[in-house]
Amino acid sequence: MTLKIKVCGITNKKELEKIQKLDVDYMGFINVERSKRYISIEKLEDLQKSLNDKDKSVLVIEPENPYEAISKANMTKIRHLQLHSLTCPDVRYILWASQYYCNIKSLDITKVVGLVSNEKISPQKQKEIEHNALFASNILFDYKKDGLTGGTGSKIPLKTVIKACEIVKNKHSNTNVTLSGGLDYDYLSEIKDNLHNFDCIDINSGVEDSPGHKNIKKIKEIVKLIKE
Ligand SMILES: O=C(O)c1ccccc1N[C@@H]1O[C@H](COP(=O)(O)O)[C@@H](O)[C@H]1O
């Protein structure tokens, strides 16, 4: 299977239109207030009108509870959610309640799991990864700093994230794994031979001129490196 590419943190129509012409599989819109790439639900709805393939949209959120996640999926009609908060039972509830109450059939959930820079995965972290692998359709591994994930621009040690990926696949081989955290062209070139471990890569701050402003040339170089 070819490695998929998600470009995250798109904030404006001009860049969206250029990015969607590239061989990119997913486009992420960040509705997390603490983010420098934050966009409101209203702006997001407007951007969605310029998208040729709405199935490529990913709504990146950090909800306080499952109801907030369901409500945002309902409002935006985006069927891929990337959750930077909540627990496994919450994810289960979102999947059930979105079908039961909102008639949302196929909600696709990416659960973000934060990893830190020390190389060992603790038994507790292993459990967290295994539980998430059972309920989410995709696990996104990101660098965790001060208890938070998202937009840190920092890389997870490769050994650690490959081990984490093995834990997911051993628990539930159908669950996809996305590599994230400070990915840029130079790093991706360096680790190219290890990318077969993952289903998708998520590029964000590593392809920007400034937060929320994507450098199309940098994205094109990565697309060429991965897809050609
Ligand atoms: O990018 C942000 O500002 C952000 C803030 C809050 C939640 C998620 C955010 N982005 C996601 O963070 C990862 C890694 O980004 P980076 O490559 O380290 O900049 C990526 O999945 C974005 O989707």
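The shown structure was predicted, so the numbers you read here are calculated from the model rather than taken from an experiment.

**Student:** What is the right way to look at the overall build of the protein in this model?
**Tutor:** Broken down by element type, the protein carries eight helices and 11 strands. Its C-alpha atoms give the protein a radius of gyration of 16 Å, within 12% of the compact-globule value 17 Å for 228 residues. Structurally, the protein occupies a C-alpha span of about 40 × 40 × 35 Å along its principal axes. The buried share of the protein, reckoned over its 228 residues, is 53%. Expressed as a percentage of contacts within the protein between residues at least 6 apart in sequence, the contacts between residues at least 24 apart total 63%. Accessible surface, the protein as shown: approximately 11300 Å² in total, 46% of it carbon and sulfur. In the protein, the 36 positive side-chain charges and the 31 negative ones have mean positions that sit 1 Å from each other.

**Student:** Looking at this model, I keep getting lost on helix 2 (residues 41-48). Mind explaining?
**Tutor:** Residue pairs spaced three or four apart in an α-helix point in one direction, given the helix's 3.6 residues per turn. Buried residues of helix 2: Ile41, Leu44, Leu47 and Gln48, and no others. Relative to the axis of helix 2, the buried residues are bounded by an arc of 115 degrees and lie together on one face. Against the buried residues of helix 2 lie helix 1 (13-19), strand 2 (26-30), strand 3 (57-61) and helix 3 (66-76).

**Student:** Mind showing me how you'd approach the pairing of strand 8 (residues 176-179) here?
**Tutor:** Residues in a regular strand point their side chains to alternate faces of the sheet. The sheet contact formed by strand 6 (residues 138-145) and strand 8 spans four bridges and is parallel. Bridge pairing links Ile139 to Val177 in strand 8. As paired strands, strand 8 and strand 9 (residues 200-203) are joined by two bridges and run parallel to one another. Paired with Leu179 across the bridge in strand 9 is Ile201. Between strand 8 and its parallel partner strand 9, the chain crosses via helix 7 (residues 185-190), and the hand of that crossover is right-handed.

**Student:** Looking at this model, I keep getting lost on the side chain of Thr110. Mind explaining?
**Tutor:** Position of Thr110 relative to the elements: it lies in strand 5 (residues 108-115). Within the local environment of Thr110, its side chain forms a polar contact with the side chain of Asn138, the two groups lying 3.0 Å apart. Setting aside residues up to four positions removed in sequence, Thr110 forms contacts with Leu81, Gln82, Leu83, Asn138 and Leu140.

**Student:** Could you clarify how one ought to interpret the packing of aromatic side chains in this entry?
**Tutor:** Two descriptors summarise a pair of aromatic rings, namely the distance from one centre to the other and the angle between the planes of the rings. This structure, assessed with the given rule, holds five aromatic pairs. Measuring from centroid to centroid gives 5.8 Å for Tyr93 and Trp96, while their planes differ by 50 degrees, and the two rings are tilted. Of this pair, Tyr93 and Trp96 both sit in helix 4 (residues 88-102), three residues apart, which is roughly one turn of the helix. Overall, the relative accessible area of 43% leaves Trp96 in the partly exposed class. One cation-aromatic arrangement involves Lys155 over Tyr187; the distance from NZ or CZ to the ring centre is 5.4 Å.

**Student:** Would you mind showing me how to read the pairing of strand 4 (residues 80-83) here?
**Tutor:** Covered by surrounding structure in strand 4 are His80 and Gln82 together with Leu81 and Leu83, the residues of both alternating faces. Of the crossover connections in this fold, the one passing from strand 3 over helix 3 to the parallel strand 4 is right-handed. Judged from the four bridges that link them, strand 4 and strand 5 form a sheet pairing that is parallel. By the bridge assignment, Leu83 is partnered in strand 5 with Lys111. For the segment spanning strand 4, helix 4 and strand 5, crossover handedness is right-handed.

**Student:** When you look at the UniProt feature "domain: N-(5'phosphoribosyl) anthranilate isomerase (PRAI)" (unreviewed entry) in the protein in this model, what are you seeing that I'm missing?
**Tutor:** As recorded in UniProt, the feature "domain: N-(5'phosphoribosyl) anthranilate isomerase (PRAI)" (unreviewed entry) lies at residues 6-224. Along residues 6-224, the helical share is 38% and the strand share 22%, with 14 Å between the first and last C-alpha atoms.

**Student:** Teacher, can you tell me more about the site of the ligand here?
**Tutor:** Surveying the vicinity of the ligand reveals 23 residues, the closest of which are Cys8, Ser35, Arg37, Asn204 and Ser205. Between the ligand and the protein, one listed contact pairs an oxygen atom with a side-chain N or O atom of Asp202 at 3.0 Å. A distance of 2.8 Å separates an oxygen atom of the ligand from a polar side-chain atom of Asn204. When isolated, the ligand has an accessible area of 500 Å², and the protein chains bury 99% of it. When contributions to the shell around the ligand are tallied by element, the ones reaching two or more residues are strand 1 (4-8) and strand 6. Here the shell around the ligand is composed, by residue class, of five nonpolar, 13 polar and five charged.

The rules we used
- Residues numbered from 1 in each chain as written.
- Predicted model: local features only at pLDDT ≥ 70, side-chain atom pairs only at ≥ 80, totals over all residues.
- Heavy atoms only, no water.
- Helix = DSSP H or I, 4+ residues; strand = E, 2+ residues; numbered from the N terminus.
- Rg over C-alpha atoms; globule rule 2.2 N^0.38 Å.
- Buried < 20%, exposed > 50% of the residue type's maximum accessible area, 1.4 Å probe, protein only.
- Contact = heavy atoms within 4.5 Å.
- Areas by Shrake-Rupley, 256 points an atom, 1.4 Å probe, with all protein chains shown as cover.
- Lys, Arg positive; Asp, Glu negative; His and termini not counted.
- Charge placed at Lys NZ, Arg CZ, Asp CG, Glu CD.
- Arc of directions from axis to C-beta.
- Pairing = 2+ DSSP bridges.
- Right-handed = clockwise from strand over helix to strand, strands pointing away.
- Polar contact = N/O pair within 3.5 Å; in protein donor to acceptor, adjacent residues only side chain to side chain.
- Phe/Tyr/Trp six-rings, centres within 6.5 Å; stacked < 30°, edge-to-face > 60°.
- Lys NZ or Arg CZ within 6 Å of the ring centre and 35° of its normal.
- UniProt positions renumbered as here; feature names shortened; annotations may be inferred.
- Near = heavy atom within 4 Å.
- Nonpolar A, V, L, I, M, F, W, Y, C, P; charged D, E, K, R; others polar.

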